[in-house]
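Topology and contacts: notes
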Amino acid sequence: MSVLVRDDGFHAEDFDGLAVELAPTTAPEEIAALVANAGLVAVRFDSFADGRGFTLGRLVRTAGYTGRLRARGPLIADQYAMARRAGFDEVEIPAEIAARQSEADWRARADWQAHDYRKRLGYKGCDSLLA
Amino acid sequence: MYQHNAFDQAFLRNRNTQFRAQVERRLSGSLTEDEFKPLRLMNGVYLQLHAYMLRAAIPYGTLSADQMRVLAEVAERWDRGYGHFTTRQNIQFNWVALTDIPDILDHMETVGLHAIQTSGNCIRNTTTDALAGAAADEIADPRPYAELIRQWSTDHAEFQFLPRKFKIAITGSPDDRAAIAAHDVGLQLVEQGGEIGFRVLVGGGLGRTPMLAQELRPFLPSAELLPYLEAILSAYNLAGRRDNKYKARIKITVFEHGIDTFRQAVEDQFARIRPAYTGEDQQLLAEIAAQFTLPDLRENMAEYDATTRKVDPLYAAWAAQAVSAHKRADHASVTVALKVAGEEPGDASADQMRALADIAARYGYNELRITHSQNVVLPHVAREDLPAVHAALLRAGLAAANMGKLSDIIACPGMDYCALATARSIPLAQEIAQHFQTIGLEDEIGALNLKISGCINACGHHHLGHIGILGLDRAGAENYQITIGGHEGDSTHPAAIGEKMGPGFAYEAVVPALERLLRAYLELRNGAEETFLEAVRRLGLAPFRAALYAEVSDAA
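Residues numbered from 1 in each chain as written. Chains lettered and ligands numbered in written order. Predicted model: local features only at pLDDT ≥ 70, side-chain atom pairs only at ≥ 80, totals over all residues.

**Details of the overall build of chain A**
Heads up, the condition is: Secondary structure elements follow DSSP: runs of H or I no shorter than four residues count as helices, runs of E no shorter than two count as strands, and numbering proceeds from the N terminus. A radius of gyration in this sense is built from C-alpha atoms; the matching globule rule multiplies 2.2 Å by the number of residues raised to 0.38. To sort residues by exposure, count the other C-beta atoms lying within 10 Å of each residue's C-beta; 20 or more gives buried, 12 or fewer gives exposed, and values between give partly exposed, all with C-beta atoms placed from the backbone.
When helices and strands are tallied, chain A shows 6 helices and 6 strands. Along chain A, helices and strands appear, N-terminal first, in the series β-β-β-α-β-α-β-α-β-α-α-α. Relative to the 2.2 N^0.38 estimate, which gives 14 Å for 131 residues, the radius of gyration of chain A is 14 Å and therefore close to what a compact globule would have. Across its three principal axes, chain A shows a C-alpha extent of roughly 35 × 35 × 25 Å. Looking at chain A as a whole, 44% of its 131 residues are labelled buried.

And the structure:
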């Protein structure tokens, strides 16, 4: 069983529909076609140390996808703000990580919109990239 | 100098609070050692051979006198009374306790210092010319751009878990004093039709596979710097290898895909990213640039420098090496050598740091720079004050006049500190410096750039030394390979990687081999005007190889 993390804390799975999973090796030019009809797009992280998913998340937004976008894999609480800034709505973590890293650890990073240098430099964020 | 504003201060405090919590969560088990490792690295904390090491950032090598005093205090309160200035314009404290580090970071924050992204697989401290803003040959001051890159890259959401570390260097002068061709991205400020922009290089690096960077764009308008860097990093983040850490640097990505394919990937990303930047960064850049104006340089009796040189030979010898031209003729820049023969290259004691801070406060408009050659620069000194600066440096034991000569050696920490090293580098540097000063050949040999790395990762940049020494482990014994002809690149000659001469030498055979090599140079050169590197270019490697191995073949 995995656990969903959003700004307000832990949740059980609550999506039922057409989900598309993108592997870390997904080529940028393939993304638009893959996500076109999805109800949820999950970008897979095979390891927390593999940061490809953060760029892929942004590219899913750049491709025009406005739906629910999820980072799926063994991320750590310290990466929550990175995932949100890269365009993800939520993170899906394995139960083992949720047991070790408390809901409070994750909620401590719910302030992901604060102290953002790139926003201050005029980067409009992923929402502005929507076609 | 750039002063941290309310945003920077709030950011740093928040970041330090996060790191304090991360240390606590490691101790409580919430974070595993594997999970904690990249978090401590992106906050400058390494696990070394004997202890934790804290690497503090000196952004683009610039320090105020107050900041230098705080570094001295850190060395005294939490380390063993000294710090080590590195080739990446940082300072390392080699003997700190992990649980003290949050307090050290809080203390550094009071003067705007930090250790963010000095390690780890993220964008590191941007380096630049130590004479930036003072040099007479500058197209534009690179520091405002380096500060802009610092802000953009700090805690960048996409690039904290790259395939490998990522280093950017900028030069504002045609005479590249920042070794940009040896960086993941090298930026050279250029002017085209009255517009300032960048020549962008990519894929340089030393390490076990030394490569010089290739040109990605001949001219990038300066306003497009951030989205273009973001495009390069995005392309690398996706394409860089993650199966083998030795093949994970961008130089390998560019090499394996080819520069044209990589350029296309960057341009594709750039088209996506460019619209997301509103241009507000250019307003911030203007505000940043306004903080890098020259200090209010005072009128002074500049001729006192020249008259003192005539009557004081000790001062004249020092000034000939240490003093360089400034934009304004009645001022000068002073290089202070941290390469005293017998001492560890780049090391400074707390007392020396404080002496430097005092000299900077009294004579140097409060400014100090750390160079990538591990020396310290006072960028602005009134010429009238140069004799007083020399006297103060003499009292602090910092008046060596060996800049650019043989004993101005760049050396990595080597096996005395580093867990990766396969051989000693600091003791070898000490022995070489002392030997050539003792036999009195250093001044006769003149300009020579000697660099030592204690393992194949090449932190001592040996590939770019006129003479490079690489220490390896051969069946349990230290063995040193010698390369010749490396060069960091300047306006007349592009950067070059030195050529390996042949079989390595045992530790105790290195100094005699160097002496044979350099005596051969003294015999072969076209007078004292021809430097070692120029002689190598004119004559080729053969006579120098023969001299290096003369002893060996005699015995055989």
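So much for the structure itself; the text now carries on.
**Examining the sheet that holds strand β1 (residues 2-6) of chain A**
Consider a sheet: its strands pair through backbone hydrogen bonds, and that pairing is either parallel or antiparallel. Residue and element names in this part refer to chain A. The cut-off we apply is this: At least two DSSP bridges between two strands are required for those strands to pair. Working convention: axes come from line fits to C-alpha atoms, limited for helices to the stretch in contact. Angles between N-to-C directions cover 0 to 180 degrees.
Pairing within the open sheet is mixed, and its 6 strands lie in the order β2-β1-β6-β5-β4-β3. In this open sheet, the two edge strands, each paired with only one partner strand, are β2 (9-11) and β3 (19-22). Strand-to-strand twist in this sheet, taken as the mean axis angle between neighbours without regard to direction, amounts to 30°. Here 3 bridges tie strand β5 (residues 68-72) to strand β6 (residues 90-94), and the two strands are oriented parallel to one another. Among the inter-strand pairings, A71 is bridged to a residue of β6, identified as V91.

**Some words on the nonpolar core**
Keep this limit in mind: For our purposes the nonpolar core covers buried Ala, Val, Leu, Ile, Met, Phe, Trp, Tyr and Cys residues that link as a set through C-beta atoms within 7 Å.
Within the largest apolar cluster, 167 residues are counted, with the highest numbers of intra-cluster contacts made by I232(B) and L356(B). The element that contributes the greatest number of residues to this core is helix α6 (residues 225-239) of chain B, accounting for 10 residues. With 32 residues, the next largest nonpolar core counts V60(A), A81(A), I93(A) and I97(A) among its residues.

**Things to note about the interface of chain B and chain A**
A common way to report how large an interface is uses the accessible area buried once the components associate. The criterion, for reference: A pair of residues counts as a contact when their C-beta atoms, built from backbone coordinates, are separated by no more than 7 Å. Think of it as three bins: nonpolar holds Ala, Val, Leu, Ile, Met, Phe, Trp, Tyr, Cys and Pro, charged holds Asp, Glu, Lys and Arg, and polar takes everything else, Gly as well.
Taken together, the contact pairs 35 residues of chain B with 29 residues of chain A. Listed by contribution, the elements that provide at least two residues to the side of chain B that touches chain A are α1 (6-28), α2 (33-41), α5 (143-153), α6, α8 (259-273) and α9 (280-290) of chain B. Per-element tally for the side of chain B that touches chain A: the top contributor is α1(B), with 6 residues. Of the residues that constitute the side of chain B that touches chain A, the class distribution is 15 nonpolar, 11 polar and 9 charged.

**Examining the pairing of strand β4 (residues 40-44) of chain A**
All names here are of chain A. One ladder, built from 4 bridges, connects β3 with β4; its direction is parallel. Its bridge partner lying in β4, V20 is registered against V41. Pairing analysis gives 5 bridges linking β4 to β5, with the strands arranged parallel. Looking at the pairing, A42 lines up with R70 of β5.

**A look at the confidence of the model for chain B**
Residues and elements named next belong to chain B. Basically, it comes down to this: Scored between 0 and 100, pLDDT is the confidence that the predictor attaches to each residue.
Residues at a pLDDT of 70 or more form 99% of chain B, whose mean pLDDT is 93. Element-level mean pLDDT values for chain B span from 62 in helix α19 (residues 550-555) up to 98 in α6. Interface confidence for the predicted complex, expressed as ipTM, amounts to 0.97; the pTM equals 0.91.

**Observations concerning the domain arrangement of chain B**
All names here are of chain B. Threshold: Residue ranges labeled as domains rest on an automatic or database domain assignment.
According to the domain assignment, chain B contains domain 1 (6-109), domain 2 (135-290), domain 3 (303-395) and domain 4 (410-555). Averaged C-alpha coordinates put domain 1 and domain 3 at centres separated by 29 Å. Counting from both sides, the interface comprises 20 residues of domain 1 and, opposite them, 20 residues of domain 3. Secondary structure elements with two or more residues in the side of domain 1 that touches domain 3: β3 (62-64), α3 (65-78) and β4 (82-85). Residue composition of the side of domain 1 that touches domain 3, grouped by class: 9 nonpolar, 9 polar and 2 charged.

**Some points on helix α12 (residues 350-363) of chain B**
Operational definition: Here a helix's expected span is defined as the number of its residues, less one, multiplied by 1.5 Å.
An ideal rise of 1.5 Å per residue puts 20 Å on 14 residues; α12(B) measures up with 20 Å between its terminal C-alpha atoms. By the burial criterion, the buried members of α12(B) are A350(B), Q352(B), M353(B), R354(B), A355(B), L356(B), A357(B), I359(B) and A360(B).

**Details of the packing of α12(B) against helix α13 (residues 386-395) of chain B**
All names here are of chain B. Threshold: Small angles under 35 degrees read as roughly parallel and large ones over 145 as roughly antiparallel, with 65 to 115 read as roughly perpendicular and the rest as oblique. Helix crossings get a hand from a simple test, with the near helix turned counterclockwise from the far one by less than a right angle marking a left-handed crossing and a clockwise turn marking a right-handed one.
Their axes nearest at 10 Å, the elements α12 and α13 cross at an angle of 165°. Relative to α13, the element α12 is oriented roughly antiparallel. Like other packed secondary-structure pairs, α12 and α13 cross with a definite hand, here right-handed. Each of A355, I359 and Y363 in α12 lies in contact with α13, whose residues at this interface are A388, V389 and A392. Residues that form the contact of α12 with α13 fall into these classes: 6 nonpolar, no polar and no charged.

**Regarding the pairing of strand β9 (residues 195-202) of chain B**
Consecutive side chains of a regular strand alternate in pointing toward one face of the sheet and then the other. All names here are of chain B. As paired elements, strand β8 (residues 185-192) and β9 share 8 bridges and run antiparallel to each other. The partner of L189 across the bridge, within β9, is F198. Count of turn residues in the β8/β9 antiparallel hairpin: 2 residues, of which G193 carries a positive phi of about 55°. Two strands pair when backbone bridges link them, and β9 and strand β10 (residues 214-221) are joined in this way by 5 bridges, in the antiparallel orientation. The partner of G197 across the bridge, within β10, is P221.

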